[in-house]
Amino acid sequence: MNKDFFVYILASKKNGTIYVGITSNITKRIWEHKNNIVLGFTSKYSVHKLVYFETYSSPVTAIAREKYLKGKSRNYKISLIETNNPTWNDLDPSSSLT
C-alpha cells in the first residue's frame with residue numbers, strides 16, 4: 001500500500017498570512033488547523049484556508065519540498081498560489097459541506 005504525503009499552503013485570506021506545512025493525512029490535518037486543535041501559528045493568526053497543495057509518494061521528497069518552500073520569499077509563495085488558484089479558493093473539499 002502506497003502512502004501519499006502532502007505539502008500544503010494555508011492562508012488567512014487572499015494576500016494574507018500564509019503557512020507552509022506537510023502531512024500524510026491532509027483531510028485530518030486541515031480539519032485540525034480549522035478547529036484550532038493544535039495551538040500555534042495557524043490558530044494565533046487564523047490561517048485556516050487551504051489554498052495550495054502538492055502530493056508526493058516519498059516522505060523524503062515531500063520534506064525537501066516543504067523546506068524549499070519555507071526558504072522561498074513570500075512573493076514566490078504568492079505567485080505559486082496564484083498560478084494554481086488565482087481566486088484563492090479554499091481547496092479543502094469538506095469546506096463545501098458547511
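Relevant structure appears above.
My aim in this report is to walk through the structure given alongside it, one point at a time. (Residues numbered from 1 in each chain as written. Predicted model: local features only at pLDDT ≥ 70, side-chain atom pairs only at ≥ 80, totals over all residues. Heavy atoms only, no water.)

Focus: helix 4 (residues 74–84)
The cut-off we apply is this: For every residue, the accessible area (1.4 Å probe, protein chains only) is compared with the maximum for its type, and the residue is labelled buried under 20%, exposed over 50%, or partly exposed between those bounds. Numbering of helices and strands runs from the N terminus; a helix is a DSSP stretch of H or I covering at least four residues, while a strand is a stretch of E covering at least two. The arc in question is traced by the directions running from the helix axis to the C-beta atoms. In this description, contact between two residues means that some pair of their heavy atoms is separated by no more than 4.5 Å.
Restricting attention to buried positions, one finds in helix 4 the residues K77, I78, L80 and I81. Seen end-on, helix 4 carries its buried residues on one side only, within an arc spanning 160°. With respect to the buried face of helix 4, the exposed residues turned more than 90 degrees away are N75 and T83. The secondary structure elements touched by the buried residues of helix 4 are strand 1 (5–11), strand 2 (18–23), strand 3 (49–56) and helix 3 (59–71).

So, the side chain of E32
As for its placement among the helices and strands, E32 is situated in helix 1 (residues 26–34). The exposure class assigned to E32 is buried, which follows from its relative accessible area of 16%.

Some details on a nonpolar patch on the surface
To keep it simple, the criterion reads: Residues enter a patch when their relative accessible area is above 30% and they make no salt bridge; the linking distance is 9 Å between like charges and 5 Å between nonpolar side chains (Val, Leu, Ile, Met, Phe, Trp, Tyr). Areas reported as accessible are Shrake-Rupley estimates using a 1.4 Å probe. Residue values count occlusion only from the protein chains shown. For this document, the term salt bridge refers to a Lys or Arg side-chain nitrogen within 4 Å of an Asp or Glu carboxyl oxygen.
A grouping of W31, I37 and V38 is seen on the molecular surface, where their side chains present a nonpolar patch of about 320 Å² in accessible area. Position of W31 among the secondary structure elements: in helix 1.

Here's the deal with the pattern of salt bridges
Applying the stated criterion across every chain, the model contains six salt bridges. Among the salt bridges present, the one from R29 reaches E32, with a minimum N-O distance of 3.0 Å. Remark: E32 and R29 occur in helix 1; sequence separation between them is three residues, near one turn of the helix. One salt bridge connects D92 with K34, and the closest N-O pair in it is separated by 3.1 Å. Of this pair, D92 sits in the segment after helix 4 while K34 sits in helix 1, and the two are 58 residues apart along the sequence. The buried category is assigned to D92, whose relative accessible area is 5%. A cluster of three or more residues bridged by salt bridges with shared partners is formed by K28, R29 and E32.

A few points about the pairing of strand 1
This is how it is decided: One bridge is not enough; two strands pair if DSSP finds at least two bridges between them.
Counted residue by residue, strand 1 has seven buried out of seven residues, so it is predominantly covered. Of the two faces of strand 1, the one holding F5, V7, I9 and A11 and the one holding F6, Y8 and L10 are both buried throughout. With seven bridges joining them, strand 1 and strand 3 adopt antiparallel strand pairing. Paired with F6 across the strands is T55, a residue of strand 3. In terms of strand pairing, strand 1 meets strand 2 through six bridges, oriented antiparallel. Along strand 2, the bridge assignment pairs A11 with I18.

Purely geometric stuff here, so don't read any function into it on its own.
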